[in-house]
Amino acid sequence: MRIAQISDLHFGRDVAAVARSLLADLCDAAPTMVAVCGDLTQRARPAEFRAARAFLDELPAPALVVPGNHDLPGWRVWSRFTRPWRPWRLHLSTDPYGAVSHTADGLVAVGVNTARQWGPHPDWSRGRIDARQLAAIGAAFDEAPSDDLRVVVAHHPFLLTPPGRNRGLVGRSKLALRHLRRRADLLLGGHIHLAYSGVVDGLVVAQSGTAFSDRLKGEPNSYNLIEADGDRLSVSTRRWDGARFDTHLRTDYVRDGHEWRPTP
Ligand SMILES: [Fe+2]
Ligand SMILES: [Fe+2]
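Conventions we followed
Residues numbered from 1 in each chain as written. Chains lettered and ligands numbered in written order. Predicted model: local features only at pLDDT ≥ 70, side-chain atom pairs only at ≥ 80, totals over all residues. Heavy atoms only, no water. Donors = N, O, S within 2.8 Å, 3.2 Å for Na, K, Ca; no water. Tetrahedral: all angles 85-135°; square planar, octahedral: opposite > 155°, others 65-115°. Buried < 20%, exposed > 50% of the residue type's maximum accessible area, 1.4 Å probe, protein only. Salt bridge = Lys/Arg side-chain N within 4 Å of Asp/Glu carboxyl O. Pairing = 2+ DSSP bridges. Helix = DSSP H or I, 4+ residues; strand = E, 2+ residues; numbered from the N terminus. Phe/Tyr/Trp six-rings, centres within 6.5 Å; stacked < 30°, edge-to-face > 60°. UniProt positions renumbered as here; feature names shortened; annotations may be inferred. Axes fitted to C-alpha atoms, helices over the stretch in contact; angles between N-to-C directions. 1 Å grid on protein atoms, 1.4 Å probe; cavity = no way out; pocket = protein on both sides within 12 Å on 5 of 7 lines; lining within 4 Å. Points joined across faces, edges and corners; volume = space filled by probe spheres on them. Nonpolar A, V, L, I, M, F, W, Y, C, P; charged D, E, K, R; others polar.

J.: For this particular structure, what's the right way to read the coordination of the iron ion (ligand 1)?
T.: Reference values for angles at a metal are 109.5 degrees in the four-donor tetrahedral case and 90 or 180 degrees in the six-donor octahedral case. For the iron ion (ligand 1), every protein donor is listed as Asp8 (OD), His10 (NE2), Asp39 (OD) and His193 (NE2), and the spread of their distances is 2.0 to 2.3 Å. Around the iron ion (ligand 1) sit four donor atoms; with metal-centred angles ranging over 88 to 172 degrees, the donor geometry is irregular. The distance between the iron ion (ligand 1) and the iron ion (ligand 2) comes to 3.5 Å, and Asp39 binds to both of them. Exposure remark for Asp8: the relative accessible area of 0% places this residue in the buried category.

J.: Which parts of the structure should I look at to understand the pattern of salt bridges?
T.: A side chain with one charge may pair with a side chain of the opposite charge, provided their charged atoms come close. With the rule as written, the count across this model stands at 18 salt bridges. Close ionic contact of Asp123 with Arg126 constitutes a salt bridge, the shortest N to O distance being 3.6 Å. Between Asp256 and Arg261 there is a salt bridge whose closest N-O contact spans 2.9 Å. For Arg261, a relative accessible area of 38% translates into the label partly exposed. Through salt bridges that share partners, Arg116, Asp130 and Arg132 make up one connected network.

J.: Explanation requested: the pairing of strand β4 (residues 100-104) in the structure shown.
T.: Consecutive residues of a regular strand have side chains that alternate between opposite faces of the sheet. For β4 and strand β5 (residues 107-111), the ladder comprises five bridges, and the chain directions are antiparallel. Each bridged residue has a counterpart across the sheet, and for Val100 the counterpart in β5 is Gly111. Hairpin connection from β4 to β5: two residues lie between these consecutive antiparallel strands, with Gly106 at a positive phi of about 85 degrees.

J.: I keep staring at the packing of aromatic side chains and nothing clicks. Help me out?
T.: Summed over all chains, the structure comprises seven aromatic pairs. Three or more aromatic residues link up through ring pairs in this structure, and these residues are Phe11, Phe55 and Phe212.

J.: Help me understand the UniProt feature "domain: Calcineurin-like phosphoesterase" (unreviewed entry) in the protein, please; the structure alone is not making it clear to me.
T.: Those places that UniProt annotates as "domain: Calcineurin-like phosphoesterase" (unreviewed entry) correspond, in this numbering, to residues 1-193. Annotated as residues 1-193, this span is 31% helix and 17% strand, and its ends, taken at the C-alpha atoms, are 25 Å apart.

J.: Any chance you could explain the pairing of strand β10 (residues 222-229) here in plain terms?
T.: By the criterion of burial, β10 is predominantly enclosed, with six of the eight residues buried. Where strand β1 (residues 2-6) lies against β10, four bridges are found, and the strand directions are antiparallel. Bridging across to β10, Ala4 finds its partner in Leu225. Pairing geometry for β10 and strand β11 (residues 232-240), over eight bridges, is antiparallel. Among the inter-strand pairings, Ser222 is bridged to a residue of β11, identified as Arg239. Linkage of β10 to β11, two consecutive antiparallel strands, is achieved through a turn of two residues, within which Gly230 is found at a positive phi near 60 degrees.

J.: I would appreciate a short explanation of the sheet that holds strand β12 (residues 245-256) in the present structure.
T.: The strands making up a sheet associate through hydrogen bonds between their backbones, and the pairing can be parallel or antiparallel. Spatial strand order, β3-β2-β1-β10-β11-β12-β13: seven strands in an open sheet with mixed pairing. Every interior strand has two partners, whereas the edge strands, β3 (63-66) and β13 (259-262), have only one. Adjacent strand axes in the sheet meet at a mean angle of 25 degrees when their direction is disregarded. For β12 and β13, the ladder comprises four bridges, and the chain directions are antiparallel. Paired with Val254 across the strands is Arg261, a residue of β13.

J.: Looking at this structure, I do not really get empty space enclosed by the protein. What am I missing?
T.: A probe matching the size of a water molecule, rolled over the atoms, marks out where space remains unfilled. Going through the model one piece at a time under the given rule, you end up with one cavity of 30 Å³ or more. Estimated volume of the largest cavity: approximately 40 Å³. Around the largest cavity, the lining residues are Val65, Val66, Pro67, Trp88, Thr94, Asp95, Pro96, Gly98, Val100, Gly111, Val112 and Asn113. Residue composition of the lining of the largest cavity, by class: seven nonpolar, four polar and one charged.

J.: What should I look at first to understand unusual backbone geometry in this one?
T.: Most peptide bonds are trans, and most residues other than glycine sit at a negative phi. At Asp39, a position not held by glycine, the phi torsion is positive, near 55 degrees. Within the element layout of this structure, Asp39 appears in the loop between β2 (33-37) and α2 (46-57). Residue class for Asp39 comes out buried when judged on its relative accessible area of 1%. Despite not being glycine, Arg182 has its phi angle at roughly 65 degrees, a positive value.

Set out below in structure tokens:
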């Protein structure tokens, strides 16, 4: 079982050579699934969505794609409130309000849209997960065979490290973690353009950096390759070194009962 996790493509601010190299690296990696953790565009413009669509069509495996806050019309306030997901629907052909899922032999993955049109705070880039989405995730997981790897794909993070603390966790993260504890294995996210992984409440969280945009936040472009085999799981961050993607850091996890922990 191998999952490629890519995020924050930001077409409109993409670097073509890095994107081409990423596609070649993904072909070599031969993943079971590609999880695309949002912010496919920079400003939700039609040309950016068309470029994103063309890129997704070249992926070497089925993709599970969720939106990010940049996939909403930014300051085009009328569009943002009257038809916020119209371009997404038009080009990506998925329902941004529903959960999307992918199942393969030994894998059940559910994607949810954590981006919101507005929030009761000045930073509308923040996201939220709601009870309806958690119920959809729970229903998909409950139907799956008990030994399937259970993966949640979202844009906003469930775990922050000190360099990203100014960005904020996904809203209602505590409720979500209570709901997902002992039910999910792996939570995938993006948004902060920093790559790391860790454990929270017995769940492995993996965050990927911006795959090939020039919106770098102090570290190079990257994506994650996640390999799972029974009670073992590894997250390898593959970083752009100026010429190609190469493994920068690998972290291993093991499952004890229902809970995951890092291995020394
Ligand atoms: Fe982003
Ligand atoms: Fe974002």
